[in-house]
Amino acid sequence: MHRPEIMHPTHPASHPHNASPHGQTPPLRLIAWEITRSCNLACQHCRAEAHEEPYPGELSTAEAKALIDTFPETGNPVIIFTGGEPLMRKDIFELVPYARAKGLRCVMGTNGTRIDADMAARIKESGIQRCSISIDGPDAPSHDDFRGVPGAFEASLAGIEELKKAGVEFQINTTVTKHNMPFFKKVFHLAEDIGAAAWHIFLLVPTGRGDAIRNEIINAQEYEEVLNWFYDFRKTTSMHLKATCAPHYYRIMRQRAREEGIKVNMDNFGLDAMTRGCLGGTGFCFISHTGQVQPCGFLELDCGQIKTTRFPDIWTSSPQFLALRDQSSYEGKCGVCEYHKVCGGCRARAHTMKGHYLKEEPLCTYIPRAVDNQAPTDKQEEKG
Ligand code: SF4
Ligand code: SF4
């Protein structure tokens with residue numbers, strides 16, 4: 001049975017990479033749809049800088065259903081209902097069955113704090129196949145501090161217990177920061193102990209409220225260490241581990257596998273052998289609460305507005321999506337890297353830390369072969 005993967009509420013999941021060698025539009029594999037921006041928490045790293053009050057301009061139920069009608073034209077995407085907190089949206093249990101009736105697989109990114117027995121039963125009944133819940137520390141002090149809401153840890157765990165009782169699969173998402181790096185293995189053990197189907201790690205992207213905690217971003221060398229550690233850790237558990245929005249994990253995975261004499265194929269690495277690090281604009285996109293289409297939730301490029309342009313046309317023709325599908329448009333070392341097709345670098349970090357989404361990934365230590373032999377990279381130039 002295919003198990004739907006959820007990344008972050010705003011990020012892509014593991015899916016085969018979709019290069020479009022002949023200029024054809026790649027199939028859309030995954031849509032993160034911010035059905036509301038309202039949220040009951042105020043997390044420090046929140047991209048949306050969400051608050052509890054309703055936001056103006058949210059799609060109406062009729063507009064949301066009309067949008068769902070167009071999704072099958074783009075492929076057979078998995079829909080991540082996300083927010084803000086998606087359970088704050090009053091018609092959520094109307095929209096999910098509507099999408100299910102179109103044959104679309106539906107998952108949900110929630111903070112879990114609003115899930116009681118009744119809510120869990122409604123989630124199950126609506127056809128949601130998996131919920132992802134963010135846990136960023138192994139205990140209440142570390143998690144609540146990061147989330148900015150006392151009691152969030154206990155409330156999320158209570159929500160998870162209700163999902164388990166209702167028979168809804170769940171995964172844990174954890175954002176790696178300097179703050180929680182020392183507790184990282186403990187978070188993993190927590191996820192395993194409570195019976196998560198998967199544990200996905202994310203690297204902080206400094207946008208939204210996250211911009212204020214730039215100094216929480218681990219550096220390129222620490223990033224490399226975390227991803228190497230993750231590669232080894234994978235071997236010790238049956239829980240599915242996935243490095244999400246840490247695109248160069250897929251470079252490190254291949255480097256390590258080569259050192260170990262292991263082939264990178266489905267038998268040895270499952271879907272990780274087929275996916276691309278950053279799928280923004282190539283197999284994944286984000287739709288905001290007002291209908292703005294973006295490569296991902298952390299990369300606020302206006303690629304089109306579904307209230308004025310049909311969504312499938314945006315997916316096919318947005319200039320930004322076309323650029324993201326064309327390696328020659330990438331700058332710096334990501335443009336010439338031999339791992340480009342499996343990695344691509346984080347376009348959101350390039351945008352916020354380097355000034356443009358097509359610049360090179362700022363947190364990668366790798367020097368591509370072509371750069372090693374030729375001109376200096378941006379980084380080397382900066383060092384002078
Ligand atoms: S741009 Fe970065 S945050 Fe966005 S999908 Fe790609 S890797 Fe993830
Ligand atoms: S240089 Fe860019 S494409 Fe190559 S591994 Fe690093 S981030 Fe990925």
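Nothing here was measured: the structure is a model prediction, and the numbers come from that model.

*Asks:* Quick question: what am I supposed to make of the overall build of the protein here?
*Replies:* Check the secondary structure of the protein and you find 15 helices and nine strands. Each of the 384 residues in the protein was classed as buried or not, and the buried ones make up 50%. Considering only contacts in the protein between residues 6 or more positions apart, those separated by 24 or more positions represent 71%.

*Asks:* Hey, could you run me through the site of ligand 2 in this one?
*Replies:* Lining the immediate surroundings of ligand 2 are 16 residues, of which Cys 334, Cys 337, Cys 343, Gly 345 and Cys 364 lie closest. Its residues placed into classes, the shell around ligand 2 shows eight nonpolar, four polar and four charged.

*Asks:* Help me understand the packing of helix α4 (residues 140-147) against helix α5 (residues 152-166), please; the structure alone is not making it clear to me.
*Replies:* The contact between α4 and α5 brings their axes to 7 Å, and the two run at 105°. Relative to α5, the element α4 lies roughly perpendicular. Contacts from Ala 140, His 143, Asp 144 and Arg 147 in α4 reach Ala 152, Phe 153 and Glu 154 in α5. Residues that form the contact of α4 with α5 fall into these classes: three nonpolar, one polar and three charged.

*Asks:* Whenever I open this one, helix α3 (residues 117-126) confuses me. Can you help?
*Replies:* Since there are 3.6 residues in each turn of an α-helix, residues three or four apart along the chain are aligned in direction. The set of residues buried in α3 consists of Ala 120, Ile 123 and Ser 126. One side of α3 carries all its buried residues, which in axial view fall inside an arc of 130°. With respect to the buried face of α3, the exposed residues turned more than 90 degrees away are Ala 117, Asp 118 and Glu 125. Elements that come into contact with the buried residues of α3 comprise α2 (92-101), β3 (106-109), β4 (130-134) and α5. Gly 127, located one to two residues past α3, shows a positive phi value of around 100°.

*Asks:* Sorry, what's going on with the sheet that holds strand β2 (residues 75-82) here?
*Replies:* Pairing in this open sheet of nine strands is mixed, and the strands run β7-β6-β5-β4-β3-β2-β1-β8-β9 from one edge to the other. Sheet topology places β7 (240-244) and β9 (293-294) at the edges, where each strand pairs with a single neighbour. Bridge analysis of strand β1 (residues 28-34) against β2 gives six bridges, and the strand direction is parallel. Bridge pairing in β2 links Leu 30 to Val 78. Sheet strands touched by α5: β4 and β5 (169-176). Its angle to β4, the strand with the most contacts, is close to 165°. In the packing of helix α7 (residues 220-234) onto the sheet, contacts are made with β5, β6 (198-203) and β7, and the angle to β7 comes to roughly 160°.

*Asks:* I tried to follow the site of ligand 1 on my own but got confused; where do I start?
*Replies:* Lining the immediate surroundings of ligand 1 are 13 residues, of which Cys 245, Cys 278, Gly 280, Cys 296 and Cys 346 lie closest. Of the residues that constitute the shell around ligand 1, the class distribution is 10 nonpolar, two polar and one charged.

*Asks:* Is there a simple way to explain α2 in this structure?
*Replies:* Within the sequence span of α2, burial applies to Ile 92, Leu 95, Val 96 and Ala 99. For α2, the angular spread of the buried residues around the axis is 100°, confining them to a single face. Along its buried surface, α2 packs onto α1 (61-70), β2, β3 and α3. Phi turns positive, to about 85°, at Gly 103, one or two residues after α2.

*Asks:* Would you mind showing me how to read the pairing of β6 here?
*Replies:* Taken residue by residue, a regular strand's side chains alternate between the two faces of the sheet. Across the six residues that make up β6, a large majority, six, are buried. What you see with β6 is no split at all: Ala 198, His 200 and Phe 202 on one side and Trp 199, Ile 201 and Leu 203 on the other are buried throughout. Note that β5 and β6 share six bridges and pair parallel. Across the sheet, the residue bridging to Ile 172 is Trp 199, located in β6. Running through helix α6 (residues 184-193), the crossover from β5 to the neighbouring parallel element β6 is right-handed. Sheet analysis places β6 next to β7, joined by five bridges and oriented parallel. Within β7, the residue paired with His 200 across the bridge is Lys 242.

Conventions we followed
Residues numbered from 1 in each chain as written. Chains lettered and ligands numbered in written order. Predicted model: local features only at pLDDT ≥ 70, side-chain atom pairs only at ≥ 80, totals over all residues. Helix = DSSP H or I, 4+ residues; strand = E, 2+ residues; numbered from the N terminus. Buried ≥ 20, exposed ≤ 12 C-beta atoms within 10 Å, placed from the backbone. Contact = placed C-beta atoms within 7 Å. Near = placed C-beta within 6 Å. Nonpolar A, V, L, I, M, F, W, Y, C, P; charged D, E, K, R; others polar. Axes fitted to C-alpha atoms, helices over the stretch in contact; angles between N-to-C directions. Parallel < 35°, antiparallel > 145°, perpendicular 65-115°, else oblique. Arc of directions from axis to C-beta. Pairing = 2+ DSSP bridges. Right-handed = clockwise from strand over helix to strand, strands pointing away.

Note that every value here comes from positions in space, so none of it alone points to a role or purpose.
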